[in-house]
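Residue-level structural notes
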Amino acid sequence: MTDITNFLTSLTKEKLPIWNISLATPSYTALKQKASQHYALPEDEYLVTMVFPRPRRTMIENKIKSITTKHNGKIMREKLAIEEWDEKFYPMRFKKLGPSLVASEVILPIDKVAAFVNEVERKYKGDFAIEGTMVGTDKISLLGFMLSDERKLGFPLAYACSLDVIEIAEKQGGQVFTVGMYFTDRAKNFYGSDKLQEIWKYKKSIDPTGFMNPGKIIPSSLDKQSPTKMLTSAMKLANTGSSLIGLAGRLMTKWQKGEFDSPLGEELTDDTFACAMCGYCRSICTVFDAVPWESNSPRGKYFILNQYIKGKIPMNDEVGRALYPCTTCKKCDTVCQVRSHNAHHWMDLRFEFSKNKLHNTGLEIIRDNVLNTGNFWGVPAKKRLKWLDVPTQTHGKIAYWSGCWASTIMDNMAQNATRILNHLDIPFVHYREKEQCCGLYLALGGYKKDFQNLVRQNLEMFKESGVETILFSCPGCYATFNENYQQMALEMGIECDIRFKHIVVYLSELIADGKLQFTKPLNTTITYHDSCHIGRWFGHFDEPRNVIRAIPGLELREMEHIKEEGLCCGLVSAFDSLSSVAHSGVKRIEEAEYTGAEYLVTNCAGCGSQFNSTCQTLGSKVQQIDLTELVAKALQIPTMDPSEQVVVFMNQCIELMKDSVLAPIIVPAEAKK
Ligand code: SF4
Ligand code: SF4
């Protein structure tokens, strides 16, 4: 659409029952597509998205089509319109390109849209991207963004561009979007003299001491106590030269080169400044849900990091404790407005804590266990193999990795997996006593050197055995090998070309290839919990469900939150808040109970242990079961119930973690000498 003003005027004259009319200028579309690297829309035309009631669709669409044609526009595909509508709630997607924004918001008569946008374009040459939403029948609210960088000296000056854009709108008969604290000098124009007097009279009557919202809306010419007199004067000054000041700021920002000095890595530093502070990540965050402190949410963490990078706060135990809580569930990544890899950042921060001589006391215990016994629990290697009762190889193409949790607290998982492979005549390598921890807890604790040693040892062991694919019962190990090992191997300059696969994904492939079939029906009802580390981390949502569907007699009843939106079991919170673990566990069990299913199916030793013990504690009518147990039962392979030992191990875990906290590393006096 190029003839935007006439189009909007004609459209509103029709008085169609349209719920929402949104507008994107060519610059806005261009910037948005650049940020997402998804180019589907024209970047030289206005884009108008309309939302209206489906029952009256034909009538409304016909009218829109005729108005669009009359004004030289064209109708886009519905799929694009739906994508646009979904994206409307992420107006700051491109902030990452800044990573800061200069923003401006105005209200304008619709017949002035084109004149306003043309003037902004003339002055800013596409640097100010504008989008808008119709308000009422003859006005549009326009929000403009200009990329900037608050780390550059010119940033405060560049902000004057915001005032310049407001001035352009005012010349076209528009006004600021709202008065707030910054634009009290415009309050008279905004509300009208009588209305403003009325507001002021009312404020004085209910708030004679000026306690509420001091300095907001009421100009200092009326409110003599206003604390924003200086601000108003500064704004007036900035207004008079906004165009020139803004230009100077833009030029300074563009010219200033060089890296910003930050104690953190480049990506985390950029994402810290890119955070739009929108808060989309708050309500869905597992740790914020359990303990709603702002610092628990990703937004809060970025705010703290911003202050740390700027040198305003140190990285001490108090700051570290605020930044620490995270289960690495990746829920925040799925909603992040600027698409930051938040969960990875919180993991990387663990190395930053370590650099600043901070450690988690609980993870320190686990580190000792891993280094001394090769295992989270400190169980000697020989005792960890009592579940293994099928032949294994020392060399071969496929290996099975049992992991710390699936070979101890939930050793039924390792037994099921290996018995199933044996039943299917699939030979596999098992490293038996040589199998150590994958190193997840060393990475979580920020013990980089220890983790690197383990990465090297494990990769060498894999190479010697000639394996090409390794199967896992535990998504934690699977994620560690798939992500952390690749990253660390790259950093260490060693090769890591093995395929890592979760056993359930492998079984789903066998089913798809017709190599695994079930004849014995398991007549029961189940619900399925997506583990974060194979679900959100790697997108394996369908494979476990395919396995479930292949077993005759199983009725799958889905919970309220599944797949991308699935809840985290919360177990990883054990290192800083046992009450949060309980909160998350109970919440998920309640969802499972609500389905009326008999079993809550898991495919993770961590989630499985958490739900097994929570079900027992609550006396729940739903019971935890591992997916491999269902597969084994359907193949008539004997299985064992881990419930008794789960309670024993979980109590041991509570004992180990009860005082776990991020604390300064105390170096013994002798060691200092
Ligand atoms: S990864 Fe999960 S727990 Fe961690 S900050 Fe994101 S949503 Fe919260
Ligand atoms: S981290 Fe949270 S507050 Fe920041 S941009 Fe992403 S969703 Fe918004």
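Values in this document were obtained by computation on a predicted structure and should not be read as measured data.

It is worth spelling out the overall build of the protein chain at this point. For the protein chain, the helix and strand inventory stands at 29 helices and 15 strands. In terms of overall dimensions, the protein chain has C-alpha extents of about 85 × 75 × 55 Å along its principal axes. For the protein chain, buried positions account for 55% of its 673 residues. The contacts of the protein chain with a sequence gap of at least 6 include a subset with a gap of at least 24, amounting to 78%. Looking at the protein chain, you have 79 positive and 78 negative side-chain charges, and the mean spots of the two groups are 5 Å apart.

Judged by how many residues are buried, strand β1 (residues 20-24) sits mostly within the fold: five of five residues are covered. Taking every second residue as pointing to the same face, both faces of β1 are buried, with N20, S22 and A24 on one and I21 and L23 on the other. Relative to strand β2 (residues 47-51), β1 is paired through five bridges, and the arrangement is antiparallel. Within β2, the residue paired with A24 across the bridge is L47. Both β1 and strand β4 (residues 128-135) contribute to a ladder of three bridges, which runs antiparallel. Bridge pairing in β4 places L23 opposite G132.

This part is about the side chain of S148. Mapped onto the fold, S148 is located in strand β5 (residues 139-148). Aside from chain neighbours lying at most four places away, what touches S148 is G98, P99, S100, L101, V102, F155, A158 and T253.

Tallied over the full model, the rule gives five cavities of 30 Å³ or more. Within this model, the largest cavity holds a volume of roughly 470 Å³. Every residue lining the largest cavity is counted, 33 residues in all, and those nearest its centre are L440, Y441, G476, H533 and V572. For the lining of the largest cavity, the secondary-structure elements that each account for two or more residues are α20 (440-444), α22 (475-492) and α26 (605-618). For the lining of the largest cavity, the element with the highest residue contribution is α22, accounting for five residues. In this structure, the second largest cavity spans a volume of roughly 130 Å³. In this structure, the second largest cavity is lined by S22, L23, A24, Y28, K32, L47, T49, E84, W85, E87, K88 and E131. Elements supplying a minimum of two residues to the lining of the second largest cavity: β1, α2 (26-36), β2 and α4 (78-87). Broken down by class, the residue content of the lining of the second largest cavity amounts to five nonpolar, two polar and five charged.

Within this structure, the stated rule accounts for 36 salt bridges. Across the pair K587 and D289 runs a salt bridge whose closest N-O atoms are separated by 2.9 Å. With K587 in helix α25 (residues 578-595) and D289 in helix α13 (residues 286-290), the pair connects residues that are 298 residues apart, well separated along the chain. The class of K587 is partly exposed, set by a relative accessible area of 32%. Taking the relative accessible area as the measure of exposure, D289 reaches 28% and is therefore partly exposed. For the salt bridge of D317 with R321, the shortest nitrogen-to-oxygen distance reads 3.7 Å. Of the two residues, D317 and R321 are both situated in helix α15 (residues 317-323); the distance of four residues between them amounts to about one turn of the helix.

Our focus in this paragraph is the domain arrangement of the protein chain. Partitioning the protein chain into structural domains gives domain 1 (4-176), domain 2 (184-255), domain 3 (266-356), domain 4 (378-509) and domain 5 (513-657). Put simply, the middle of domain 2 and the middle of domain 4, counted by C-alpha atoms, are 64 Å apart.

This part covers the packing of helix α7 (residues 160-171) against helix α11 (residues 242-255). Between two packed helices, both the angle of their axes relative to each other and the distance between the axes serve to describe the pair. Between α7 and α11, the shortest axis-to-axis distance is 7 Å and the interhelical angle comes to 140°. Considering their axes alone, α7 and α11 lie oblique with respect to each other. Crossing angle aside, the handedness with which α7 passes α11 is left-handed. For the pair formed by α7 and α11, the contact residues are A160, C161, L163, D164 and E167 on the first element and S242, S243, I245, G246 and R250 on the second.

Our next topic: helix α28 (residues 643-657). Between its first and last C-alpha atoms α28 spans 21 Å; for 15 residues at 1.5 Å apiece the expected length is 21 Å, and the two agree. Taken together, the buried positions of α28 are occupied by S643, V646, F649, M650, C653 and M657. Buried residues of α28 fall within an arc of 115° about the axis and therefore sit on the same side. Exposed residues pointing more than 90 degrees away from the buried face of α28 are listed as E644 and V648. Looking at the buried residues of α28, the elements they touch are α18 (361-373), α25 and α26.

Turning to a nonpolar patch on the surface, a few remarks are in order. Residues Y202, I206, F211 and M212 make up a contiguous nonpolar surface patch of roughly 490 Å² in combined accessible area. A relative accessible area of 41% means that M212 is categorised as partly exposed.

Quick look at the sheet that holds strand β11 (residues 524-528) now. Across the sheet, four strands lie side by side as β12-β11-β13-β14; this open sheet has parallel pairing. Of all strands in the sheet, those with a lone pairing partner are β12 (554-556) and β14 (623-626), marking the two edges. Neighbour to neighbour, the strand axes of the sheet diverge by 40° on average, direction disregarded. Pairing geometry for β11 and β12, over three bridges, is parallel. When the bridges of β12 are listed, T524 appears paired with L554.

Cut-off values and rules
- Residues numbered from 1 in each chain as written.
- Chains lettered and ligands numbered in written order.
- Predicted model: local features only at pLDDT ≥ 70, side-chain atom pairs only at ≥ 80, totals over all residues.
- Heavy atoms only, no water.
- Helix = DSSP H or I, 4+ residues; strand = E, 2+ residues; numbered from the N terminus.
- Buried < 20%, exposed > 50% of the residue type's maximum accessible area, 1.4 Å probe, protein only.
- Contact = heavy atoms within 4.5 Å.
- Lys, Arg positive; Asp, Glu negative; His and termini not counted.
- Charge placed at Lys NZ, Arg CZ, Asp CG, Glu CD.
- Pairing = 2+ DSSP bridges.
- 1 Å grid on protein atoms, 1.4 Å probe; cavity = no way out; pocket = protein on both sides within 12 Å on 5 of 7 lines; lining within 4 Å.
- Points joined across faces, edges and corners; volume = space filled by probe spheres on them.
- Nonpolar A, V, L, I, M, F, W, Y, C, P; charged D, E, K, R; others polar.
- Salt bridge = Lys/Arg side-chain N within 4 Å of Asp/Glu carboxyl O.
- Domains from an automatic or database assignment.
- Axes fitted to C-alpha atoms, helices over the stretch in contact; angles between N-to-C directions.
- Parallel < 35°, antiparallel > 145°, perpendicular 65-115°, else oblique.
- Left-handed = near helix turned anticlockwise from the far one by under 90°.
- Expected span 1.5 Å × (residues − 1).
- Arc of directions from axis to C-beta.
- Patch = residues over 30% accessible without salt bridge, like charges linked within 9 Å, V, L, I, M, F, W, Y side chains within 5 Å.
- Areas by Shrake-Rupley, 256 points an atom, 1.4 Å probe, with all protein chains shown as cover.

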